[in-house]
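Remarks on the overall topology
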Amino acid sequence: MAAIGVDDLKRDPDLATRELVAGDGTAFRGRLLHHDDTEALGRFFDGLSQAVRGVYGPHSLNAEHAGVLCAELDYGHLLPFVAQVEAELQAYFLVQVGVRDGDRKRYEEHGPVLVDDDTVTFAPCVADAFQERGLGSALMPHVLDTVRRLGRSHMVLWGGVRGDNPRAQHFYRKFGFRHVGNFAGGGVDNLDMILDL
């Protein structure tokens, strides 16, 4: 696929749209979040169980915050990917352009030096009803392809991944993430992982 720039996505977000199929055969559209997705994103956030909220983030997962996200969309800073199944959003994969300060400091301690111009930061969330159905695994290659087309060469996890969440760790390893260090936070051990794109 041809290279794209952030300005290209600002002009035409559909450059990052693909028709995809989940592992269970569910057809869906992988695309960037749009300004008019407030209600759908709010329903997605409000429908998440407390168990899912406990392992995902990084920001408030509620309808009020959905309104803020959609109103303030800036693809130069955040690339929020969604999986749209019919009229509903069933996954939200947030990609931040660059590196968050807290993550950068930890990676400096682990060894890898992260550069904003080369790196994106990633946080995924899948609706309860679509857990274990292959939706995230079908969306992820599209997200990675788009990030590569933007010229980025590294992806790190937003706040790491909880040590007590082996399912998430397996997901990341399946796509080539490697473990680079551990840190304590939220009362558990956490892992920092990086993907070389």
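Residues numbered from 1 in each chain as written. Predicted model: local features only at pLDDT ≥ 70, side-chain atom pairs only at ≥ 80, totals over all residues. Heavy atoms only, no water.

1. Re the pattern of salt bridges
Which entries qualify depends on this criterion: Counted as salt bridges are all cases of a side-chain nitrogen of Lys or Arg within 4 Å of a carboxyl oxygen of Asp or Glu. Where helices and strands are cited, they refer to DSSP runs of H or I of at least four residues and of E of at least two residues respectively, numbered from the N terminus. Accessibility here uses a 1.4 Å probe with only protein chains present; expressed as a share of the type maximum, an area under 20% marks a residue as buried, one over 50% as exposed, and anything in between as partly exposed.
Counted according to the given criterion, the structure contains 14 salt bridges. Lys-10 is paired through a salt bridge with Asp-74; the nearest N and O atoms lie 3.9 Å apart. Of this pair, Lys-10 sits in helix H1 (residues 6-11) while Asp-74 sits in the loop between helix H4 (63-71) and strand S3 (78-85), and the two are 64 residues apart along the sequence. Of the residues examined, Asp-74 reaches a relative accessible area of 35% and is grouped as partly exposed. Ionic contacts of the salt-bridge type, sharing partners, join the residues Arg-100, Asp-103, Arg-106 and Asp-192 into one network.

2. Focus: the nonpolar core
Grouped burial of nonpolar side chains is what soluble globular proteins tend to show. Put simply, the test is: Joining through side-chain atoms within 4.5 Å is the link that ties buried Ala, Val, Leu, Ile, Met, Phe, Trp, Tyr and Cys residues into a set, and such a set is a nonpolar core.
Leu-41, Phe-93 and Met-155 are the most contacted members of the largest nonpolar core, which has 60 residues in total. The next biggest cluster of nonpolar side chains, apart from the first, holds six residues, and it includes Tyr-107, Leu-114, Val-156 and Ile-194.

3. A short note on the packing of aromatic side chains
Rules: To pair, rings of Phe, Tyr and Trp, with the six-membered ring standing in for Trp, must have centres within 6.5 Å; the planes then decide the type, stacked if under 30 degrees apart, edge-to-face if over 60, and tilted in the middle. We count a charge as sitting over a ring when the NZ of a lysine or the CZ of an arginine lies within 6 Å of the ring centre and within 35 degrees of the ring normal.
Evaluation of the coordinates by the stated rule reveals seven aromatic pairs. When the centroid spacing of 5.8 Å and the interplanar angle of 45° are considered together, the rings of Phe-44 and Phe-45 count as tilted. Residue classification places Phe-45 among the buried residues on the basis of a relative accessible area of 0%. Among the aromatic residues, ring-to-ring pairing joins Phe-93, Phe-122, Phe-171, Tyr-172, Phe-175 and Phe-177 into one connected group. Its end group placed over the ring of Phe-183, Arg-106 keeps NZ or CZ at 3.9 Å from the ring centre. Lying across the ring of Phe-130, Arg-133 places its NZ or CZ 4.0 Å from the centre.

4. Some thoughts on the state of the cysteines
Convention followed: In plain terms, two cysteine sulfur atoms within 2.5 Å form what is called a disulfide here.
Taken as a whole and judged by the stated rule, the model has zero disulfides. Counting only cysteine sulfurs, Cys-125 is the nearest neighbor of Cys-70, a cysteine outside any disulfide, at a range of 14 Å. Assessed through its relative accessible area of 1%, Cys-70 is described here as buried. The class of Cys-125 is buried, set by a relative accessible area of 1%.

5. Here we look at the pairing of S3
Put simply, the test is: At least two DSSP bridges between two strands are needed for those strands to be called paired.
Of all eight residues that make up S3, eight are buried, and the element is covered over most of its length. Note: strand S2 (residues 27-32) against S3, four bridges, orientation antiparallel. Bridge assignment links Leu-32 to a residue of S3, and that residue is Phe-81. With eight bridges joining them, S3 and strand S4 (residues 88-97) adopt antiparallel strand pairing. Residue pairing across strands places Ala-83 opposite Ala-91, the latter belonging to S4. The hairpin formed by S3 and S4 contains two residues between the paired strands, and Glu-86 there has a positive phi angle of roughly 55°.

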